[in-house]
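Survey of secondary and tertiary structure
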Amino acid sequence: MEYNSVSGLCRQWEYGVFAIEATVMKTTPETNPNSHDFKTILPNDTCPESLDAINITFVSYFFILVYVPWTKVDGGWTIGICPDGFKRFNRPFRYVCIKAVPMAYGVSKLDAQAMCASMNANLIGVDSEAEATWMWEYVKQTATGDTNRYWMGGERAVTFSKTNFKYEDGITINTAPLMNGSISDLSITESGIVNENSTDFENCLNIRYENGVTTKIDDVACSFTGVSGAFCGF
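Labelled according to an unreviewed UniProt entry, the chain appears under the name C-type lectin domain-containing protein, originating from Caenorhabditis tropicalis.

Below is the structure:
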């Protein structure tokens, strides 16, 4: 709602179905004749004396109902687009929100997909080196030994193709990170031997931290369970 103190009238604005970044500036009638009000749900029906005393959240209608944090900055408030715990990455035609989800060791890909689905998200693919690096840094920091792995989206679309993957998240299309040898270490099979007699195919993907290894994405068997978490996103 917008109130114009000059005309004395209120105007209701329709919200869009797509979220956009916004900055709410505190204004006074002396500097701006308009005031902008946002409906909020306050804990226990409290009414604090000023905005400085509360953390504000609102419900976003971008894909799913989520609570998105407002952050106090100099001169006003800024609205984040991704929910708490998710990190935003800009892609060429949209943005994505990604969250690292720790799970008990022994996670299957089906377990990871179910966990993401419970958050109204998908097991997400990697679109850029920046995304791969952020994921890898998290997996490294949470490692309790010399190695640690998290599931990411993606399944090999052509059996004998090293980098031809499809992503089940519906929003990842760029396979360039898989073609970059400094990011990905793909072998197609566990033995590294690929022929018509091969049976040890590694057709799914992990973010892998291993002491002394600098690559970030590794192919593994889709039945692999030596994993400690998942990367979920939307």
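**A few points about the nonpolar core**
Within the largest apolar cluster, 23 residues are counted, with the highest numbers of intra-cluster contacts made by Ile207, Ile217 and Phe231. A per-element tally of this core places helix H2 (residues 129-141) first, with four residues. Excluding its chain neighbours within four sequence positions, the residues that come into contact with Ile207 are Val126, Met135, Trp136, Val139, Asn148, Arg149, Tyr150, Met152, Lys216, Ile217 and Phe231. In this structure, Val101, Met103, Val220 and Cys232 belong to the second largest nonpolar core, which totals 19 residues.

**Focus on the packing of aromatic side chains**
Tallied over the entire structure, the rule returns eight aromatic pairs. Between Tyr150 and Phe231 the ring centres are 5.3 Å apart and the planes differ by 45°, which places this aromatic pair in the tilted class. Taken together, the residues Tyr150 in strand E11 (residues 147-156) and Phe231 in strand E16 (residues 229-233) connect sequence positions 81 residues apart. Here Tyr150 falls in the buried class, since its relative accessible area comes to 2%. Residue classification places Phe231 among the buried positions, given a relative accessible area of 0%.

**A closer look at the pattern of salt bridges**
Taken as a whole and assessed by the stated rule, the structure comprises seven salt bridges. One salt bridge connects Arg208 with Asp185, and the closest N-O pair in it is separated by 3.7 Å. On the criterion of sequence distance, the pair formed by Arg208 in strand E14 (residues 204-210) and Asp185 in strand E13 (residues 184-185) is long-range, its members being 23 residues apart. Using a relative accessible area of 6% as the deciding quantity, one classes Arg208 as buried. In this structure, the salt-bridge partner of Arg208 is Asp218, at a minimum N-O distance of 3.6 Å. Of this pair, Arg208 sits in strand E14 while Asp218 sits in strand E15 (residues 217-220), and the two are ten residues apart along the sequence. Since its relative accessible area comes to 8%, Asp218 is described here as buried. Sharing partners across several salt bridges, the network here consists of Arg149, Asp185, Arg208 and Asp218.

**A short note on helix H1 (residues 109-118)**
Those residues of H1 lying buried are Lys109, Ala112 and Cys116. When H1 is viewed along its axis, its buried side chains cluster within an angular range of 60° and face the same direction. The exposed set on the far side of H1, more than 90 degrees from its buried face, consists of Leu110 and Ser118. In this structure, the buried residues of H1 make contact with strand E10 (122-123), E11, E14 and E16. Backbone geometry just after H1 places Asn120 at a positive phi near 60°.

Each value, and the rule that gives it
Residues numbered from 1 in each chain as written. Predicted model: local features only at pLDDT ≥ 70, side-chain atom pairs only at ≥ 80, totals over all residues. Heavy atoms only, no water. Core = buried A, V, L, I, M, F, W, Y, C linked by side-chain atoms within 4.5 Å. Buried < 20%, exposed > 50% of the residue type's maximum accessible area, 1.4 Å probe, protein only. Helix = DSSP H or I, 4+ residues; strand = E, 2+ residues; numbered from the N terminus. Contact = heavy atoms within 4.5 Å. Phe/Tyr/Trp six-rings, centres within 6.5 Å; stacked < 30°, edge-to-face > 60°. Salt bridge = Lys/Arg side-chain N within 4 Å of Asp/Glu carboxyl O. Arc of directions from axis to C-beta.

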